[in-house]
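# Structural features, examined
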Amino acid sequence: GIIFLGPPAEPMAALGDKVGSTILAQAANVPTLAWSGSKIAVSYEECNGVIPEDIYRKACVNDAEEAAEVCEQIGYPVMLKASWGGGGKGIRKVFDGKNVKQIFKQVQAEVPGSPIFAMRLAPKSRHLEVQLVCDAHGNVTSLFSRDCSVQRRHQKIVEEGPVTIAPPETLREMETAACNLARSVGYVGAATVEYLYLLDTKQFCFLELNPRLQVEHPVTEWISNVNIPSCQVMIGMGIPLWRIPDIRRLYKHQPHGDSFIDFTTAERASPSGHVVAVRITSEDAGDGFKPTSGSIDELSFRSTPDVWGYFSVKSGGGVHEYADSQFGHLFAKGETRTEAIKHMLVALADIKIRGEIRTTVDYLIDMLQCKGFVDDEVSTSWLDERIEAQVKPEAPIWYLAVIGGGVSKAFQVLQARMADFISYLEKGQIPGRNTLLEAVHVTMVLDGVKYQVEVTKIGPQQYKVSLNGSSVYVVARALRDGGLLMQLDGNAYVVHTEEVATGTRLLIGQKTCVIEKEKDPSKVIASTAGKLVRWLVEDKAHVKADEQYAEIEVMKMIMPLVSEAAGVISLEIAEGQQVAPGQLIARIKLDDESSIKIAELFKGRFPPMGPPVVVGSSTDQKYNDALQSLLLVLAGYEHSVEENISKLLSAIDDPELALRQWQQAISAIRARMPPQLVKKVDNIIQKYETALTEGVSRDPASTFSARSTPRSLPFPSDEVLNTIDDFIENAPQAEQMQLQITLEPIISVAYIHQGGREAHASRIVRQLLDKFLNVEEVFNTDAQLSDIIEELRHKHKGAPQEVLDIVVSHQALPTKSKLLFGLLSAAIMPSPQKYRTYLRRLVALESRGAQEVALRAKHLLEHSMIADLRSAVARSLSGLEMFHLSDISDAEVEKKKKRHHNSMPQSELAALIENDVVLESGTRLHRKTTRQEGLFLGLEKNSDDTWEERMSTLVEAQAAVEDPLASLLDHPDNDIQWRAVETYIKRIYSPYLLDNSLKLQSAGSSILATWCYLEPVATAAAAACNMKAELHFGIMVVLQSLSQFPATVTAAAVAVTDARKYYQASMSSKNTMHIALVGSGDGVLRLSSNASILFKEMKGRLARDRSFDEEMFSSESEGEFMTPGMNFLSTLKSAAASAVAAEASVLKNAGFSTVSFVRPSGKILPQRFGFLWSDMDQTFELVEQKRRKGLWQVEPPIADLLDLQKLKGLASLYCPSRTRQWHLFVVTEKTGVRTAALRRVFLRGLVRKLEIPSAARGDNASMCSSVIEGIKPHLTAALEELERAQFDDTSRARSADWAHIYLCVLPTYLPAAGKDFGHAEMAGALRAATAQIMLKCGSLVRRTAVSCWEMRLTAVDGSAWRICVSLPSGFESDLEHIDIYREALDNSGQAVYAPQPAAGARPGPLAGHLLTKVYGPLETLQRKRLSARRLRTTYCYDFPPLFETALREVWSSVGTQMPASTKLLEAEEFVLNEVALQNGESIWNVDLVPITRPPGQNNVGMIAWIWTIKVPESPDGRQIVVIA
């Protein structure tokens, strides 16, 4: 048959009911609390196990009214309990009579049909239990006790045993009473008797007897070593307790003996240690232990010898809304209670539960460590009090939660973008234009505080999180379980997120928090699944804040819903309906919306944090970190460009880098290397290391970067590579390949550092340039983005990730352009020739984001071409062709191939070898400069020319060779240096250098040159008046130091005296001294004693010079003469000013008014500055102090030829041209606060060569036309330079509103006027020829905003002519706007514009003006024009010339070229009759009358004309009415 384990039916019925068991306990003299059946006692024998119904009813509370009455009798606080309840269900506290009826109904609803009783609440008590085991023979024994006082809502959370709070005597009494009760009812099996132990009175009271085995029974088993389920089975088999082995062992008997044991008197063993058990429930401890349900993604726990546990679910399972919230139980044992708690904490920290549910794990960890629990000061209400006090589990610190939440969200968003992109590609579709790595903005609410962060992905696994201007850096790696391993501030965290109804639950380690959604208090949303039991208010009723309005059943528990704010509630669902998380339950129309507390925006910053992964401070670690960051930028990620470029170049410049990289590489392979080779390479490296160490020993405190001698020591790459090559070649053939593979790491290091640090930097820069160009050249096309991606998809078929990587990189073009711009400035600019191939590729980029890079590359390409120009000039002066073929032999190339055959693709290897060849070779990548570039114009020569002929070519060439010549003034070859000095002087003074006056001589270590010259304007003006021009004296000295300046001045004064005698000329003023300072460092700054005194007084007074781009020149070493806060050039200017001031009187007495300094300093572009004599201050002043900024970019004689004195009144900035043949000066003009600033550009240039056909030289009129026609290519080049600058974002002349061109023509081809060809005829010929050029260049003139154009031409008789073209609107094409002048002297002897009108022409507006008159501000009419042009419209008064230009084009299109003298449009303006208006006439009755007035004088915003226009259909003219 079948035997059921457990008690018989009668004891089960009697004790299984709470009311019945309490009645029987009272009869067995077991103490009880006051309750509704306190006066009722019936023994088991009296009722035969069945309590009469009437007696039972007397102990119960049958309705709400009776409940109120009984509670009053017992005294509050009271517990209302359902007899059939359990596990916290059907039990409620009542504190006063107000809510007793409502609570009674709640208990009824929780356990329908159950009898209900009332019992006095013992506030400060412990819940203690006694474990009983009873057999069928009347034997009863106690297996120690348990303490289950830590409860929430009367449900146990922590159990432990044995009991430590009650004295041993009291425990024995409790156990005896429990045994007596069980024995009195004939109980059989396992049972638990529950007591309340009153802490105040130290008394115990009966609660109930559980006629079953409870889930916490392992606590008792571990301390008693009794297997209770096994005992139950043996009891069912009829075996008496005294025959059960575990029981006999507990009572110190032989386990397998058969002697009888009297359990009332037998001695029992002591408990074995202490056990603490915790229940794992799916409850939100941070929200009052509210039950939660949902899936469990991961659950991992491993038992240990000290901790055991079990779970009712596993990974992939879940806890549904109808289940009990407990799904796990852990038990920890220790010798003491403290040790058991410690073991439990370790186990809880190791447990991992992740999913939709919330658990109590993190709360339990916090609770088990709190003082109340550790000191055993708990009670049955202790945990509920903690919950009510909102003691929550320790959450992640705020910034950790914000960073973890932000990175997790950004990771999901970015992964989704990437997945979408690849999905489109895999389906053959074209993705959208979304920016894949665009920063993700995350707003989160945490504990009522709103955080707004920006998360930027800065690497495959790197992120930057920004908050209110502060940033932290994070490394986050995806885990298989969907979480992230986050590294922050050198620590690692595991982060998981789970979307819940209220927001996002964030789990960081074992700590949990909820990133809340911003709540709408007018909507009541279900936070968990359950069933709405009943509404406590009516629909449309008014509820108060914190008022209960409904009850919901969640996982067998009834939970009240409480209103957060007062208002009128609208019910959305019916009673009994199931609700899902996030479902709308009700709406509340708030009484006061302003009273709702909204999340406050966080305005603080992240605390200071270090990098996610600690980066070492050694040079190689800095190098790797910086290079990796720059490569990430090129891959499309955001990193600090300037900082990493600086860090990279600094690391490369440190000789320690090569040594550390070598040590790291060889340490990995040393054990596999042949010992002989190890010894050889170690000896080589040891020598290098010793040399570096010697530098340290001289200055132990210095770092590698601060040493001088070791820094110049190159890594012995060649010696190492040759040693390795020899060893491999001498090894057996069968071993050579393996040796090559083994030695690859150290071969790579040696090869990388071959050629020194500059070569290493060059290789890295080329690597970065290649990565940039390989991506951006794909997009450098007119095709649509979709077409480009489609082409990429086909090219990388089956590899969508590669397409994604290319697109991601391209989308970061602005950041990559910053990187390229930084590389161009920091690494390429000092030596752009090496990178010319890359520069040309960069220049070819036309995409919008790469414009700045392309323009910068164009400048550097031009800069490199200027270096070529310098080389060409040097070759001309030396008479040698200095082309050097590569010294890299084929054998060397083969060696390089062997070294690297194993480590890189063949294409990369070839490029690498070729790039190395480029460093030394001028042939492989040599590109002949075209004439169109203009850089080498006029330098074409015969290889058979003598060096004198070549010098003559340099003097006359159109190419701008002044700077290359100046850069050769310090050439170490004496012959080249002397020729450079001679050619330089002839160049800058041509053609006004007096024949045969130039003399060069040696003055110790210096070169001294003297000559006489004529002033251009004064000479021409004097020639026009048949007068003789004054002669002037010039001297140039090449000095090593400023201390030689006094001797130079003395020699100059003597030379002037000799020249005066020889030429019988006064030479009393305007003499010029040129000083070439060729010394270096402190040497050039040394001064005479007098100058040193002045220099000390002058220190700090001169402002830093900014007249040119000083970044193009490397700074010189600082020394004792350097002025704090000033760069070398500024200090040099101060020192030169002191030297000039000390000799000012001698200079002035010798007639010198100008002292010009040039410093070649071995640079391609020399540095210039100068001093002019001031009659007002009676001293020489630096030009910048006279507000002539930018005017000393050329030597003084060239400045005179370029009319630069006219710019003295304007604050101009110098802007160099591409070929350096043109000089641009930019002026920003603003007349008032409300007026727009206008940009004016003045272009100046010298025409040194004209192409004049020999056939035109006989006829004077033809010669005039040929001269003007010869100027056209130069004018076109100047206009093209202006146009280039207009659209160059890096040019100071960009977006010019107004431009002025001045060309000074040096060749003398213009004929002299005579009887047959007078001045008027000559003026007419020049005017007509100029008009033809205007027609041909009209569109380019308009595009470049040229408003004035002036040319100076010299005739064979020495006179000079000026052609001035006025183009106020840009559309003028007739002769009226071309004026001809001659340079002449007025009555006071000053040079002026002498009008020389053609026949029938009026004198020009400049007639009688001084030739040196300074330019003034723009007139009002011109400002109006330019303002209209800025608005991309046409000024109304410019329409007539515009139409006339169009008419000329119409006539040309029909084959008729109308003479420029023919007016094709006559405009007559009309206005309202002012007289009639003043007489009171209505405006509608007033006639229009013609008026003659200058443009721009209108006072009405509408202009009316009658135009007479001559068109091919009406050559005599037709009239039209035009309104503007």
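Residues numbered from 1 in each chain as written. Predicted model: local features only at pLDDT ≥ 70, side-chain atom pairs only at ≥ 80, totals over all residues. Heavy atoms only, no water.

## Considering the overall build of the protein chain
The number of helices and strands found in the protein chain is 45 helices and 52 strands. With the principal axes as the frame, the protein chain shows a C-alpha extent of 165 × 110 × 65 Å. Burial analysis of the protein chain (1524 residues in total) assigns 53% to the buried set. Long-range contacts, defined as pairs at least 24 residues apart, comprise 65% of the intrachain contacts of the protein chain with a sequence gap of at least 6. Taking the average location of the 164 positive side-chain charges in the protein chain and that of its 184 negative ones, the two points are 3 Å from each other. (Helix = DSSP H or I, 4+ residues; strand = E, 2+ residues; numbered from the N terminus. Buried < 20%, exposed > 50% of the residue type's maximum accessible area, 1.4 Å probe, protein only. Contact = heavy atoms within 4.5 Å. Lys, Arg positive; Asp, Glu negative; His and termini not counted. Charge placed at Lys NZ, Arg CZ, Asp CG, Glu CD.)

## Details of the packing of helix H31 (residues 947-956) against helix H33 (residues 974-989)
The description of two packed helices rests on the angle between their axes and on the distance between the axes. Relative to each other, H31 and H33 sit at 35°, their axes nearing to 8 Å. The interaxial crossing formed by H31 with H33 has right-handed handedness. Facing Trp-947, Met-951, Leu-954, Val-955 and Glu-956 of H31, the residues of H33 in contact are Arg-979, Glu-982, Thr-983, Lys-986 and Arg-987. The class makeup of the residues in the contact of H31 with H33 is 4 nonpolar, 1 polar and 5 charged. (Axes fitted to C-alpha atoms, helices over the stretch in contact; angles between N-to-C directions. Left-handed = near helix turned anticlockwise from the far one by under 90°. Nonpolar A, V, L, I, M, F, W, Y, C, P; charged D, E, K, R; others polar.)

## As for the pattern of salt bridges
Taken as a whole and judged by the stated rule, the model has 63 salt bridges. Note that Asp-481 and Lys-352 form a salt bridge whose closest N and O atoms lie 3.4 Å from each other. Here Asp-481 is found in the loop between strand S20 (470-478) and strand S21 (484-488), whereas its partner Lys-352 is found in strand S16 (residues 352-355), with 129 residues between them in sequence. Taking the relative accessible area as the measure of exposure, Lys-352 reaches 27% and is therefore partly exposed. Lys-834 is the partner of Glu-758 in a salt bridge, and the nearest nitrogen-oxygen pair spans 2.3 Å. Residue Glu-758 is found in helix H23 (residues 756-776), and its partner Lys-834 is found in the loop between helix H26 (813-828) and helix H27 (836-843); the two are separated by 76 residues along the sequence. Within this structure, Glu-129, Arg-146, Lys-156, Glu-159, Glu-194, Glu-216 and Arg-279 form a network of salt bridges that share partners. (Salt bridge = Lys/Arg side-chain N within 4 Å of Asp/Glu carboxyl O.)

## Remarks on a negative patch on the surface
On the surface, a cluster of negative charge is made up of Asp-520, Asp-591, Asp-592 and Glu-593. By secondary structure assignment, the location of Asp-592 is in the loop between strand S32 (584-590) and strand S33 (600-601). (Patch = residues over 30% accessible without salt bridge, like charges linked within 9 Å, V, L, I, M, F, W, Y side chains within 5 Å. Areas by Shrake-Rupley, 256 points an atom, 1.4 Å probe, with all protein chains shown as cover.)

## As for the sheet that holds strand S30 (residues 567-571)
What the 4 strands build is an open sheet, ordered S25-S32-S30-S27; its pairing is antiparallel. Only two strands of the sheet have a single neighbouring strand rather than two, namely strand S25 (523-525) and strand S27 (542-543). Sheet analysis places S27 next to S30, joined by 2 bridges and oriented antiparallel. Note on S30: the bridge partner recorded for His-542 is Val-568. (Pairing = 2+ DSSP bridges.)

## A short note on H27
For H27, the set of buried residues is Arg-836, Tyr-838, Leu-839 and Leu-842. Angularly, the buried residues of H27 cover 155° about the axis, an arc narrow enough to put them on a single face. (Arc of directions from axis to C-beta.)

## Remarks on helix H44 (residues 1439-1453)
For H44, spanning 15 residues, the distance from its first C-alpha to its last is 21 Å, which sits close to the expected 21 Å at 1.5 Å a residue. For H44, the set of buried residues is Pro-1440, Pro-1441, Glu-1444, Thr-1445, Leu-1447, Arg-1448 and Trp-1451. Axial view of H44: buried residues confined to an arc of 155°, hence all on one face. Where H44 is buried, its residues meet helix H42 (1319-1343), strand S49 (1465-1472), strand S51 (1504-1511) and strand S52 (1514-1523). Trailing H44 by a residue or two, Gly-1455 shows a phi angle of about 90°, which is positive. (Expected span 1.5 Å × (residues − 1).)

## Focus on a nonpolar patch on the surface
On the surface, a cluster of nonpolar side chains totalling about 420 Å² of accessible area is made up of Val-1500, Met-1502, Val-1521 and Ile-1523. Residue position: Met-1502 is located in the loop between strand S50 (1488-1491) and S51. Of the residues examined, Met-1502 reaches a relative accessible area of 58% and is grouped as exposed.

## Quick word on the environment of Glu-72
Along the chain, Glu-72 falls in helix H5 (residues 64-74). Remark: the alpha-carbon pair of Glu-72 and Leu-196, spanning 124 residues in sequence, is separated by 22 Å.

## Quick look at the side chain of Ser-43
As for its position among the elements, Ser-43 is in the loop between helix H2 (18-27) and helix H3 (44-47). Contact partners of Ser-43, with chain neighbours within four places excluded, come to Leu-24 and Ala-27.

## Thoughts on the confidence of the model for the protein chain
The predicted model of the protein chain averages 84 in pLDDT, with 91% of residues at 70 or higher. Confidence, expressed as mean pLDDT per element, reaches its minimum in the protein chain at helix H30 (residues 906-920) with 40 and its maximum at strand S9 (residues 274-281) with 96. Predicted confidence is poor over residues 697-709, with pLDDT under 50, and the contacts of this stretch with residues over four places away or in other chains come to 13 contacts. Low confidence marks residues 1102-1125, where pLDDT is under 50. Its contacts with residues over four positions away, or in another chain, come to 63 contacts. (pLDDT = per-residue confidence, 0-100.)

## Description of the packing of helix H25 (residues 800-811) against H26
One can describe the packing of H25 onto H26 by two numbers: an axis separation of 5 Å at closest approach and a directional angle of 70°. Taken together, the axes of H25 and H26 lie roughly perpendicular to each other. Across from Ser-809, His-810 and Gln-811 in H25, the residues of H26 making contact are Leu-813, Pro-814 and Lys-816. Of the residues that constitute the contact of H25 with H26, the class distribution is 2 nonpolar, 3 polar and 1 charged. (Parallel < 35°, antiparallel > 145°, perpendicular 65-115°, else oblique.)

## A few points about the environment of Thr-1508
Along the chain, the position of Thr-1508 falls in strand S51. We classify Thr-1508 as partly exposed; its relative accessible area is 24%. Separated by 114 residues in sequence, Thr-1508 and Ala-1394 have C-alpha atoms that sit 35 Å apart. Not counting chain neighbours up to four residues away, the residues in contact with Thr-1508 comprise Leu-1464, Leu-1465, Glu-1466, Gly-1517, Arg-1518 and Gln-1519.

## Some words on the nonpolar core
In this structure, Leu-877, Leu-969, Trp-1011 and Met-1036 are the most contacted members of the largest nonpolar core, which totals 58 residues. Among the elements that line this core, the one with the most residues is H33, at 7 residues. When neighbours within four sequence positions are excluded, Leu-877 is seen to be in contact with Trp-947, Met-951, Leu-954, Leu-965, Leu-968, Ile-976, Arg-979, Ala-980 and Thr-983. In this structure, Leu-1282, Met-1322, Ala-1331 and Cys-1337 belong to the second largest nonpolar core, which totals 51 residues. (Core = buried A, V, L, I, M, F, W, Y, C linked by side-chain atoms within 4.5 Å.)

## Here we look at the sheet that holds S9
Overall, antiparallel pairing links the 8 strands, which are arranged S8-S7-S4-S5-S6-S9-S15-S13 in an open sheet. Strands at the two margins of the open sheet, each flanked by one partner only, are strand S8 (203-210) and strand S13 (307-311). Across this sheet, the average inter-strand angle for adjacent strands is 25°, counted without regard to direction. Each of strand S6 (155-161), S9, S13 and strand S15 (326-334) is contacted by helix H11 (residues 337-350), which is oriented at about 135° to S15, the strand it contacts most.

## A few points about the pairing of strand S40 (residues 1179-1182)
The pairing of strand S39 (residues 1167-1174) with S40 spans 4 bridges and is antiparallel. Residue pairing across strands places Phe-1171 opposite Leu-1182, the latter belonging to S40. As consecutive antiparallel partners, S39 and S40 are separated by 4 residues, and within that stretch Gln-1178 has a phi angle of approximately 55°, a positive value.

## Remarks on the side chain of Ser-878
Tracing the backbone shows Ser-878 in helix H28 (residues 851-878). Its relative accessible area of 18% is what places Ser-878 among the buried residues. At a separation of 3.2 Å, a polar atom in the side chain of Ser-878 contacts the main-chain carbonyl oxygen of Arg-875. Residues in contact with Ser-878, not counting those within four places in the same chain, are Ile-976 and Arg-979. (Polar contact = N/O pair within 3.5 Å; in protein donor to acceptor, adjacent residues only side chain to side chain.)

## Some remarks on empty space enclosed by the protein
What the rule picks out here adds up to 5 cavities of 30 Å³ or more. Roughly 220 Å³ of volume is contained in the largest cavity. Along the wall of the largest cavity there are 19 residues; nearest its centre are Ile-353, Thr-359, Arg-505, Leu-507 and Thr-512. Per element, the largest residue contribution to the lining of the largest cavity is 4 residues, and it comes from S16. For the lining of the largest cavity, the per-class residue count stands at 6 nonpolar, 7 polar and 6 charged. Taken as a whole, the second largest cavity holds about 90 Å³ of empty space. Considering the residues around the second largest cavity, the lining is formed by Gln-958, Ala-960, Glu-962, Arg-987, Ile-1198, Arg-1220, Gln-1221, His-1223, Leu-1246 and Arg-1248. (1 Å grid on protein atoms, 1.4 Å probe; cavity = no way out; pocket = protein on both sides within 12 Å on 5 of 7 lines; lining within 4 Å. Points joined across faces, edges and corners; volume = space filled by probe spheres on them.)

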